[in-house]
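Here are the chains, one letter per residue:
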Amino acid sequence: MKFIYYLIFTSWYVFSLLPLKFLYLVSDLLYFPLYYVVKYRRNVVRENLVSSFPEKSEAEIVKIEKEFYHFFCDYIVETVKLFSMSKEEMMRRMTFTGIDEMRELLQKEGKKSCFVYLGHYCNWEFVASLQYWLPDMHCGQIYHPLYNKDFDRLFLWLRGKFGGESIPMKETMRRLITLNKEEKISVIGFISDQSPKWEGMGHWIDFLHHETAFFQGTERIGRKLDAAIYYLEVKRVKRGYYTAHFKCVTLHPSEMPEHAITDCYSKLLEKQIQEFPAFWLWSHNRWKRTKEEWENMSWKEHKS
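Source: prediction; values computed, not measured.

## Considerations on unusual backbone geometry
- The backbone phi angle of D226 is positive, close to 50 degrees, even though this residue is not glycine.
- Despite not being glycine, H259 has its phi angle at roughly 75 degrees, a positive value.
- Here H259 shows up in the loop between strand 9 (241-250) and helix 11 (260-275).

Here it is, written out as structure tokens:
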């Protein structure tokens, strides 16, 4: 309903006008009911942490858990702040490095497409501001539409305010083929650390002590379009400030063995999570689908 959309939009926008210093006080207050009262997905977070870090003690796990919830509350208020954040402030709070080197390589190699892997790590909504740093290129991100239409419309507006394009997952191939034919170089972000659907599984990786299936679309389309493949290493400098560095995975995806690009992405993301685990989205039920279940399903389909 349009009424609900405009009501949420207006309330979030007004809330975003408050200084971030005040919003962080709200974040600190939000932490206690979220963690101790509502216990938002506490079981999922705890199970994910314990199974991902079997070498850590219970005290260490609880410490990471609490740090995650503190960060998650910060992520909420920081994302709301984006509704009214100016371009100048955004570029101070989210900086990118390795851009000049990337631009030089893309132009030297005659690339028309650059695919950028990233995860739900640090504040991924801030990354959508990349278009500010690459005004001569076409920036965008692949996204999965939210089930709630009002929130989906809100986040589309929020990500689009920076100038980048949000491409629905179902339209990925068609849209990227079109962009690859255009004059501007396109730089497209793929958040590829969530669990694919059963039909999208097929290659399993040892990731954080779990047999894990990853989306294969980035690698598959990258090979088809001969896109440069990068990994975006995002780090939290301090509260409200992030930096992201472009790390080249390959300029020639067709020359790499099958699955090698996806494997490289998983290892780069895993390394970041292991170094600073609190900044990953532990509340997502990442391992709800197992390799054993997938194999059983595949076997049944084969027999039928």
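Having seen the model, we can carry on.
## Some thoughts on the environment of F151
- Looking at where F151 falls in the secondary structure, it is placed in helix 8 (residues 149-160).
- The spatial distance from the C-alpha of F151 to the C-alpha of S283 is 19 Å, given a sequence separation of 132 residues.
- Dropping the residues within four chain positions of it, F151 is found in contact with I8, W12 and L146.

## Observations concerning the packing of helix 3 (residues 42-52) against helix 4 (residues 58-81)
- Interhelical geometry of helix 3 versus helix 4 gives an angle of 130 degrees and a closest axis separation of 10 Å. Overall, the two elements helix 3 and helix 4 adopt an arrangement that is oblique. Helix 4 is crossed by helix 3, and the crossing has right-handed handedness. For the pair formed by helix 3 and helix 4, the contact residues are R42, V45, R46, L49 and V50 on the first element and I61, V62, I64, E65, F68 and Y69 on the second.
- For the contact of helix 3 with helix 4, the class distribution of residues is eight nonpolar, no polar and three charged.

## Some details on the packing of aromatic side chains
- Enumeration according to the criterion identifies 36 aromatic pairs in this entry.
- Aromatic side chains W280 and W287 sit 6.2 Å apart centroid to centroid with 55 degrees between the ring planes, which places their arrangement in the tilted category.
- For W280, a relative accessible area of 3% gives the class buried.
- Joined through ring pairs, the aromatic side chains of Y31, F32, Y35, Y36, Y40, F68, Y69, F72, Y75 and W124 make up one cluster.

## Observations concerning the sheet that holds strand 8 (residues 228-238)
- The seven strands lie next to each other as 1-9-8-2-5-3-4, forming an open sheet whose pairing is mixed. Of all the strands in the sheet, the pair left with one neighbour each is strand 1 (94-97) and strand 4 (165-168). The sheet shows a mean angle of 30 degrees between the axes of neighbouring strands, direction not considered.
- Pairing between strand 1 and strand 9: four bridges, direction parallel. Looking across to strand 9, one finds that T97 is bridged to H245.
- Helix-sheet contacts for helix 6 (residues 99-109) involve strand 1, strand 2 (113-118), strand 8 and strand 9, and the interaxial angle to strand 8 is about 175 degrees.

Quick notes on the rules
Residues numbered from 1 in each chain as written. Predicted model: local features only at pLDDT ≥ 70, side-chain atom pairs only at ≥ 80, totals over all residues. Heavy atoms only, no water. Helix = DSSP H or I, 4+ residues; strand = E, 2+ residues; numbered from the N terminus. Contact = heavy atoms within 4.5 Å. Axes fitted to C-alpha atoms, helices over the stretch in contact; angles between N-to-C directions. Parallel < 35°, antiparallel > 145°, perpendicular 65-115°, else oblique. Left-handed = near helix turned anticlockwise from the far one by under 90°. Nonpolar A, V, L, I, M, F, W, Y, C, P; charged D, E, K, R; others polar. Phe/Tyr/Trp six-rings, centres within 6.5 Å; stacked < 30°, edge-to-face > 60°. Buried < 20%, exposed > 50% of the residue type's maximum accessible area, 1.4 Å probe, protein only. Pairing = 2+ DSSP bridges.

Just distances and angles here, no functional claims.
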